[in-house]
Every structure is written in structure tokens, then in C-alpha cells.
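Here is how the chains run, residue by residue.
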Amino acid sequence: MVRRSVVAGSGSYLPARVLTNDELARQVDTSDAWIVERTGIRQRHVAADGELTSDLAVRAAQAALDKAGFGADAVDMVLVATSTPNETFPATATIVQAQLGMHRGLAFDIQAVCAGFVYGVATADNFIKAGQVDTVLVIGAETFTRILDWTDRSTCVLFGDGAGALVLQAGVGEGTVADRGVLSSHLYSDGRHHDMLYVDGGPSSTGKVGVLKMAGRDVFKHAVIKMAEATEAALSANELQAADVDWFVPHQANRRIIDGTTKKLGLDREKVVITVDRHANTSAASIPLALAEAAGDGRIERGQLVLIEALGGGLAWGSNLIRW
Ligand code: UT7
């Protein structure tokens, strides 16, 4: 018998304001046709003035708790994966903890940019497997539109705001791939690629927040190769084939990256959850937003095998295999 981290609920939240490609094309030299062809993105959500990352996170967490059927008092640990915290410190997770009305347990942020949710699931799973906690809220929440250079057409068209959350709860399994829960996590980083994707500011360097800088073409190449490797590692560690996967829920950065990875893995396109067209790239929030959507509309069912993967700034990347 082994301890497993079983999905008890999922939820998400998107800010009300939708920004279309056509609206963006009135601000920078771009077009709906270019953005759709190169990325698959048609629109993105943008947080309202005064609407903070913690606000999005709390809404998503509340929705996930409602699905799980229990209150915040049952949660032992809150993880918020974000690169757009409310403040330099304290952790946004502690703000979320307070707003959920949790007066015990622990809360901290995970910083792995677009791979943050994958890192968060791995961290939650390890805490649960170690017996240190029983119930974890893993949240990906971002107000990425606040760190964009709105005059740089090569980046400002790509990102959006949003939040998604999973409740993971300790369960008991047989130690086989038939168990419900997180079956494996594979995490990687390579700091030599810093300059490919970073924000040009911070408390210790410039004293200012800074804006996102990306060498898009280079990131693209690494993304397809490294995410395919991370997913292959997940399958081989569990002695499974691509055909065994019921749902592939990749990080939603670019439709062409998703299609490239899907092809490389030999996965059926019908099994891929896509939200990038409506959400754009919401960094750490993209996977839990997609999971909540596909679980909410009945596509992902209890007992199915769900493969998630992401790559982002660092570079940092990885995958989790979850039996829902
Ligand atoms: O989640 C974190 C990971 N991030 C990613 O995964 C993003 C990875 N990269 C990408 O998704 C793509 O590389 C982009 C969407 C960023 C760019 O697509 P691309 O096909 O790699 O285009 P490119 O950078 O090679 O640019 C092609 C052309 C350039 O013009 P020239 O030099 O060929 O004349 C750009 O200036 O497209 C131009 N361009 C644009 N044109 C219209 C760049 N951005 C735009 C734009 N509208 N918004």
C-alpha cells in the first residue's frame, strides 16, 4: 500500500474583460491573421484595475473546494505557482490562505514561471507522500498582462491573465499505474538559458518590476524537444504507451508548439485539451485552467489517465502523470 495524491476537485477563474486580437492590432503593428496563424490565439482575458493575482487565485481555489465538497478548514497546505505575485513578499499564497479563512497549515509560492503548476503538483505530491500533509490546494495564478511591454508586438500579443486550482488529497493505492492520483513527476531546469525568457527587473537588480523579454524562436525550439522528452520520461517510468493516455493537457503557449509535441509523441489530436485560442498563455495558470475546463464539461472522467507538461523561463520544464 502506498500513499497517493488524489484529485478531489478542480476550479478556475478568468477576469471578465476580454481583449481581442483586433483590439490589440489598434495598439501595435500586428493583425488577427498573424496572431492566429503563428500562435492559435484569438483573445485573452485581462484583470481589472485593482484585481490582483491573489483575487484570481482565491476565486479559482474556492471553485475547486466547492467541487471537492469541503471547506478551506480541511486544507493543510496552499501552493501558489506564480511569476506575478501581489508583492515582492510575502508569498501570495499566504494572502490567499488568509482570504480563504484558513488559520492553520502552511502556504508558500512556487516560482518556475510557465512550469510552475507542474512543479506545484510535484511539490504537493512529495509533501503528501512524505506524510507531512493530507490535503493541498495547488493553484496557478497570474496577472501576466502587468509585466508585458505593450509596445513590443513580439510578446504582448501572447499572454493573458487567469487562475486555476486543484485540490489534492491523500489516498491509498496499490503502487501500480491503476491507482488514482499523481503517478509520477519529472522536473528539469537549465539556467544557462536565462536570456531566452526573463523579466528585466527585480528587487535585487533594478529595484523595479521590469517587463518580459523573450527570444521566441529559440524558446519554441526548446519547448517542442524538451516537453516531448518530459512526457516520454513520464510514460517510460510508468511503463505506459502514448495510446494509454486519455487526455493530454499541455501548457498553452502556442498552438503550433502543442501540435508539434502531440505529433512527436504520436498522440491522438482528439485527446488534447486546447484553451490557448481563448485564454492565450496564462503561464502557471494555463494547465489548471485547462484541467478545470475539461473536468468541468465532463471530458476528463474519474479513473482516466491525464498527462500534463510545461516549459517556461529558466528554462524550467517538466511533466506529471495523473490518474484522475
Ligand atoms: O510559455 C513560455 C514559453 N513561451 C513560448 O512557448 C513562446 C515560444 N515562441 C513562440 O510561440 C513563437 O516563436 C512566437 C509566436 C513568439 C513567434 O512566432 P515565430 O513563427 O517564431 O515568428 P518569428 O519570431 O520568427 O517572427 C517572424 C516575423 C518577424 O518578422 P521578420 O523579421 O520576418 O520580418 C517578426 O518581426 O513576424 C514578426 N512578428 C510579428 N508580426 C506581426 C513578430 N511578432 C509579430 C506580431 N505581429 N505580433
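Model, not experiment: these values are computed from the prediction.

> Help me out: how do you make sense of the domain arrangement of the chain in this one?
By a widely used convention, the size of an interface equals the accessible area lost when the partners come together. Along its sequence, the chain is organised into domain 1 (2-173) and domain 2 (181-323). Placing the centre of domain 1 and that of domain 2 at their C-alpha centroids yields a distance of 14 Å. Counting from both sides, the interface comprises 50 residues of domain 1 and, opposite them, 47 residues of domain 2. Across the domain 1 to domain 2 interface the summed buried area is about 3,600 Å²; carbon plus sulfur atoms make up 67%. The interface formed by domain 1 and domain 2 contains zero salt bridges. At the boundary of domain 1 and domain 2, one finds 15 residue pairs in polar contact (both at pLDDT 80 or more). Counting only elements with at least two residues in the side of domain 1 that touches domain 2, the list comes to strand 1 (2-13), helix 2 (32-39), strand 3 (43-46), helix 5 (116-129), strand 6 (135-143) and strand 7 (161-173). The greatest single-element share of the side of domain 1 that touches domain 2, amounting to eight residues, is contributed by strand 1. Counted by class, the side of domain 1 that touches domain 2 contains 25 nonpolar, 16 polar and nine charged residues.

> Would you mind showing me how to read the nonpolar core here?
Considering soluble globular proteins, one finds that nonpolar side chains tend to be buried as a cluster. Counting 44 residues, the largest nonpolar core has L311 and L321 as the members making the most contacts within it. Only helix 7 (216-237), helix 8 (255-265), strand 12 (305-312) and strand 13 (316-323) provide two or more residues apiece to this core. Considering every element that reaches this core, the biggest residue donor is helix 7, with seven residues. The residue makeup of this core includes at least three contributed by each of domain 1 (2-173) and domain 2 (181-323). The contact partners of L321, leaving out residues within four places of it in the chain, are G181, V182, L183, S184, A234, N238, L240, L305, V306 and L307.

> Even after reading the chapter, I still don't get helix 10 (residues 286-296), so can you show me in this structure?
One turn of the α-helix equals 3.6 residues, which is why residues spaced by three or four share an orientation. With eight of its eleven residues buried, helix 10 lies for the most part within the structure. Within helix 10 the residues assigned to the buried category are S286, I287, P288, L289, A290, L291, A292 and A294. After helix 10 finishes, the residue G298 shows a positive phi value of roughly 90°.

> Just to check I follow, could you spell out the site of the ligand for this structure?
Taken together, the neighbourhood of the ligand is formed by 23 residues, with T30, R38, R217, N254 and N281 sitting nearest. A distance of 2.8 Å is found between an oxygen atom of the ligand and a side-chain nitrogen or oxygen belonging to R38. Interatomic distance of 2.7 Å between a side-chain N/O atom of N281 and an oxygen atom of the ligand. Considered on its own, the ligand offers 950 Å² of accessible surface; in the complex 75% of this is hidden by protein.

> Even after reading the chapter, I still don't get the environment of K271, so can you show me in this structure?
Assignment of secondary structure puts K271 in the loop between helix 8 and helix 9 (276-279). K271 has contacts with A243, V245, D246, W247 and F248, leaving out every residue within four places of it along the chain. For K271, the side chain forms a polar contact with the main-chain oxygen of A243, separated by 3.2 Å.

> Help me understand the packing of aromatic side chains in this model?
Aromatic rings in a pair are described by how distant their centres are and how their planes are angled relative to each other. Overall, the coordinates contain three aromatic pairs when judged by the stated rule. A centroid spacing of 6.2 Å and a plane angle of 50° characterise the contact between F108 and F127, whose relative ring orientation is tilted. With F108 in strand 5 (residues 106-110) and F127 in helix 5, this residue pair connects regions lying 19 residues apart in the sequence. With 5.6 Å between their ring centres and 20° between their planes, Y188 and W317 make a pair best called stacked.

> Quick question: what am I supposed to make of the layout of surface pockets here?
To locate leftover empty space, one rolls a probe as large as a water molecule over the atoms. Of the pockets and cavities examined, the largest pocket occupies roughly 870 Å³. Along the wall of the largest pocket there are 36 residues; nearest its centre are S83, T84, P85, Q111 and V209. Put simply, the parts of the chain that give the lining of the largest pocket at least two residues each are strand 5 and strand 9 (197-199). At three residues, strand 9 tops the list of elements feeding residues into the lining of the largest pocket. Formed jointly, the lining of the largest pocket draws a minimum of three residues from each of two domains, domain 1 (2-173) and domain 2 (181-323). In this structure, the second largest pocket spans a volume of roughly 630 Å³. Lining the second largest pocket we find 28 residues, and of these L158, M214, G216, R217 and N254 sit closest to its centre.

> What exactly am I supposed to notice about the sheet that holds strand 5 here?
Strands belonging to one sheet form pairs held by backbone hydrogen bonds; the direction of such a pair is parallel or antiparallel. Taken in spatial order, the five strands make up an open sheet running 1-7-6-4-5, and their pairing is mixed. On the outer flanks of this sheet lie strand 1 and strand 5, each paired with one strand and no other. Averaged over all pairs of adjacent strands, the angle between their axes in this sheet comes to 20°, without regard to strand direction. Across five bridges, strand 4 (residues 77-81) lies against strand 6 in parallel orientation. If you follow V78 over to strand 6, its bridge partner there is L137.

The rules behind these values
- Residues numbered from 1 in each chain as written.
- Predicted model: local features only at pLDDT ≥ 70, side-chain atom pairs only at ≥ 80, totals over all residues.
- Heavy atoms only, no water.
- Domains from an automatic or database assignment.
- Contact = heavy atoms within 4.5 Å.
- Buried area = accessible area lost by both parts, 1.4 Å probe.
- Salt bridge = Lys/Arg side-chain N within 4 Å of Asp/Glu carboxyl O.
- Polar contact = N/O pair within 3.5 Å; in protein donor to acceptor, adjacent residues only side chain to side chain.
- Helix = DSSP H or I, 4+ residues; strand = E, 2+ residues; numbered from the N terminus.
- Nonpolar A, V, L, I, M, F, W, Y, C, P; charged D, E, K, R; others polar.
- Core = buried A, V, L, I, M, F, W, Y, C linked by side-chain atoms within 4.5 Å.
- Buried < 20%, exposed > 50% of the residue type's maximum accessible area, 1.4 Å probe, protein only.
- Near = heavy atom within 4 Å.
- Areas by Shrake-Rupley, 256 points an atom, 1.4 Å probe, with all protein chains shown as cover.
- Phe/Tyr/Trp six-rings, centres within 6.5 Å; stacked < 30°, edge-to-face > 60°.
- 1 Å grid on protein atoms, 1.4 Å probe; cavity = no way out; pocket = protein on both sides within 12 Å on 5 of 7 lines; lining within 4 Å.
- Points joined across faces, edges and corners; volume = space filled by probe spheres on them.
- Pairing = 2+ DSSP bridges.
- Axes fitted to C-alpha atoms, helices over the stretch in contact; angles between N-to-C directions.

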